[in-house]
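Overview (structure and organization)
In case you want the letters, here they are:
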Amino acid sequence: LHTTLRQLKVTAAYARPRLMEVETPAQQRAQQPCKDGDAGQLGQSAVTRPLRNPLLIVNFILMVIGTAGGPLCLRAYFLYGGARKWFSSFVQTAGFPLLLVPLYFSFRRRRRCDSVDNGNASSTKPSTSTRFFLMSPRLLASSAAIGVLMGLDDLLYAYGLAYLPVSTSSILISTQLAFTAGFALLLVRQRFTAFSVNALVLLSVGAAMLGMNAGGDRPAGVSRAQYGAGFAMTLGAAALFGLMLPAMELSQARHAARAGAAAVDYPLVIEMQLVIGLGATAFSAVGMLVNNDFHAIPREAREFGLGQSGYYLLLGGSVVVYQFFFLGTIGAIYFGSALLAGVIMTVLIPITEVLAVMLFHEPFNGAKGIALALALWGFISYFYGEVQTSKAQRHQSDKAPDAAHLDP
């Protein structure tokens, strides 16, 4: 009898992981139709198969639009007569109220689901106990602190872009990848593979080549001191942004450790970006009040090179485009990692370079072409490494447990 029970225990221990492994996300949704965990919770599907998640693709598209369009809109503001640094930093995050729309629909869905889960499936009255915001007080405080840092980063970036060409500013911003890698190693213990290290080296070499070729491109009307200040502030903005990406990832990880992995879903990520945008916008609004920018906006609009309507259209487009960028960034961190977000931002810099040449007639030489090739090589290397790591993890999970190592 003892031998029979031991064999049954070994068989059950072998069967349990196999049953869990066969269960698909679609089957999980059928069993729990009102749970949001399948939308991207910090489980095996989000960690070992990030490249197959459609929401990651959506966030990647948002990052493409924001990374390429944001600097061009902001540079156009300064080229055609805009001069308000605090106001331009305010514009970068002022679109955070747009996030209330998806949060509202998520809230309505959760109310219906809570009503069903409470046994009121036949009732048309939604649940009144559903919380609109899912954030804990600690996560709210950390997101607000990151928002203040974001406001400072936006100000440094706006100062730099006021005195530098888009190509030079993009080159300096690309150094955020090195800062992101360093801070990710310190804060979230980011694991590096040979492919990710190769991508970092290629992207860094490309940025260095562009940096060595960036001299002599000082815009007309910009003094040498202004150019140097813009150079230093843009580099500082890259370092600060490289710190914020792992800080966002660390905030999500700590919240998951306290509340459980299923408590961190995509609506919560949107809430984080909402609070970060609010903190950054409040920081910039205080600076605008001190600098008297609110009273100067109508006069600046009348004197703008593209006309008054062009002024407001450009600023409105900047608000939307930058919100795409920040939402895509925090989504890439959630579905991937801070390092993944940094790699995507860096590989998109050549696209910004090409658009700057087309729109602002900035020079494009052989060094920029080589840097573009290195960036694409690094991008392919990183994602090939992610695919190989994902396959290895799935292969490891497919292995049956060794009966000799099971607890009798």
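Naming follows an unreviewed UniProt entry, where the protein appears as Probable purine permease of Eragrostis curvula. Taken from UniProt, the Sequence similarities (unreviewed entry) comment for the protein reads in full: "Belongs to the purine permeases (TC 2.A.7.14) family."

Details of the overall build of the protein
Each helix and strand counted, the protein has 17 helices and zero strands in total. Looking at the 408 residues of the protein, the share that counts as buried comes to 46%. A fraction of 85% describes how many contacts in the protein between residues 6 or more apart in sequence connect residues 24 or more apart. Total accessible area on the protein is roughly 20,000 Å²; 66% of this is exposed by carbon and sulfur atoms.

What about the environment of Trp-377?
With respect to the helices, strands and loops of the structure, Trp-377 is situated in helix H17 (residues 366-398). Residues Trp-377 and Val-347, spaced 30 residues apart in sequence, show a C-alpha to C-alpha distance of 9.3 Å. Not counting residues within four places of it along the chain, the set of residues in contact with Trp-377 comprises Asn-198 and Leu-202.

Quick notes on the pattern of salt bridges
In total, this model carries one salt bridge according to the counting rule given. Where Arg-84 meets Asp-293, a salt bridge forms, and the shortest distance between an N and an O atom there is 2.8 Å. Highlighted residues: Arg-84 in the loop between helix H4 (54-79) and helix H5 (85-93) and Asp-293 in helix H13 (residues 293-302), separated in sequence by 209 residues. Of the two residues examined, Arg-84 and Asp-293, each falls in the buried class.

So, helix H12 (residues 266-291)
Here H12 contains 26 residues, and its C-alpha end-to-end distance of 37 Å stays within 8% of the 38 Å for a straight helix at 1.5 Å per residue. Backbone geometry just after H12 places Asn-292 at a positive phi near 60 degrees.

A few points about the packing of aromatic side chains
Counting across every chain of the model gives 14 aromatic pairs. With a centroid separation of 6.5 Å and an interplanar angle of 75 degrees, the aromatic rings of Phe-90 and Phe-294 are classed as edge-to-face. Separated by 204 residues along the polypeptide, Phe-90 in helix H5 and Phe-294 in helix H13 bring together distant segments of the chain. The exposure class assigned to Phe-90 is buried, which follows from its relative accessible area of 18%. Connected via pairs of aromatic rings, a cluster forms that spans Tyr-77, Phe-78, Tyr-80, Phe-87, Phe-90, Phe-294, Phe-304, Tyr-311 and Tyr-312. The side chain of Lys-85 reaches across the aromatic face of Tyr-159, ending 5.5 Å from its centre.

Structural notes on the nonpolar core
Core analysis: the largest hydrophobic core is formed by 83 residues, its most contacted members being Tyr-77, Phe-87, Met-150, Phe-241, Met-248 and Tyr-311. Here this core takes 13 residues from helix H14 (residues 307-335), the largest share from any one element. If we ignore the near neighbours within four places in the chain, the residues touching Tyr-311 are Tyr-77, Phe-87, Ile-297, Glu-300, Ala-301 and Phe-304.

Some remarks on the packing of H4 against helix H7 (residues 137-163)
Direction vectors running N to C along H4 and H7 enclose 60 degrees, while the axes themselves pass 9 Å from each other. By the angle class used here, H4 and H7 are oblique. Crossing handedness for the pair H4 and H7: right-handed. Together, Pro-71, Leu-74, Arg-75 and Phe-78 of H4 and Tyr-157, Ala-158, Leu-161, Ala-162 and Tyr-163 of H7 make up the contact between the two elements. Of the residues assigned to the contact of H4 with H7, the class counts are eight nonpolar, no polar and one charged.

Some thoughts on the confidence of the model for the protein
Looking at the protein as a whole, its pLDDT mean stands at 75, while 75% of the residues score no less than 70. Mean pLDDT across the elements of the protein bottoms out in helix H2 (residues 25-31) (37) and peaks in H5 (92). Of the regions scoring below 50 in pLDDT, residues 1-33 engages in 17 contacts with residues more than four places distant in sequence or in other chains.

Quick word on unusual backbone geometry
Most of the time, phi is negative for any residue but glycine, and the peptide bond is trans. The backbone of Asn-292 shows a phi angle near 60 degrees, a positive value even though the residue is not glycine. When you line up the elements, Asn-292 lands in the loop between H12 and H13. The class for Asn-292 is partly exposed, based on a relative accessible area of 42%.

Some points on the environment of Phe-360
Its place among the elements puts Phe-360 in helix H16 (residues 349-360). With 288 residues separating them along the chain, Phe-360 and Leu-72 place their C-alpha atoms 8.9 Å apart.

A word on a nonpolar patch on the surface
Together, Ile-57, Ile-61, Ile-65, Leu-98, Val-320 and Phe-324 give the surface a local cluster of nonpolar side chains, amounting to about 470 Å² of exposed area. Of all the secondary structure elements, the ones that give two or more residues to the nonpolar patch are H4 and H14. With respect to the helices and strands, the residue Val-320 is situated in helix H14. According to the relative accessible area criterion, Val-320 is partly exposed, its value standing at 33%.

Let's talk about the side chain of Asp-293
Judged by relative accessible area, which is 0%, Asp-293 ranks as buried. A polar contact is formed between the side chain of Asp-293 and the side chain of Arg-84, at a distance of 2.8 Å. Of the polar contacts made by the side chain of Asp-293, one reaches the backbone nitrogen of Phe-87; its length is 3.4 Å. Dropping the residues within four chain positions of it, Asp-293 is found in contact with Arg-84, Trp-86, Phe-87 and Met-288.

As for the packing of helix H11 (residues 224-259) against H12
Close contact between H11 and H12 brings their axes to 12 Å; oriented N to C, the two are set at 130 degrees. When the axis of H11 is compared with that of H12, the two are oblique. H12 is crossed by H11, and the crossing has right-handed handedness. Residues Met-248, Ser-251, Gln-252 and His-255 of H11 touch H12, and the partners they reach there are Leu-268, Val-269, Met-272 and Ile-276. The residue makeup of the contact of H11 with H12, split by class, is five nonpolar, three polar and no charged.

Rules of the game
Residues numbered from 1 in each chain as written. Predicted model: local features only at pLDDT ≥ 70, side-chain atom pairs only at ≥ 80, totals over all residues. Heavy atoms only, no water. UniProt positions renumbered as here; feature names shortened; annotations may be inferred. Helix = DSSP H or I, 4+ residues; strand = E, 2+ residues; numbered from the N terminus. Buried < 20%, exposed > 50% of the residue type's maximum accessible area, 1.4 Å probe, protein only. Contact = heavy atoms within 4.5 Å. Areas by Shrake-Rupley, 256 points an atom, 1.4 Å probe, with all protein chains shown as cover. Salt bridge = Lys/Arg side-chain N within 4 Å of Asp/Glu carboxyl O. Expected span 1.5 Å × (residues − 1). Phe/Tyr/Trp six-rings, centres within 6.5 Å; stacked < 30°, edge-to-face > 60°. Lys NZ or Arg CZ within 6 Å of the ring centre and 35° of its normal. Core = buried A, V, L, I, M, F, W, Y, C linked by side-chain atoms within 4.5 Å. Axes fitted to C-alpha atoms, helices over the stretch in contact; angles between N-to-C directions. Parallel < 35°, antiparallel > 145°, perpendicular 65-115°, else oblique. Left-handed = near helix turned anticlockwise from the far one by under 90°. Nonpolar A, V, L, I, M, F, W, Y, C, P; charged D, E, K, R; others polar. pLDDT = per-residue confidence, 0-100. Patch = residues over 30% accessible without salt bridge, like charges linked within 9 Å, V, L, I, M, F, W, Y side chains within 5 Å. Polar contact = N/O pair within 3.5 Å; in protein donor to acceptor, adjacent residues only side chain to side chain.

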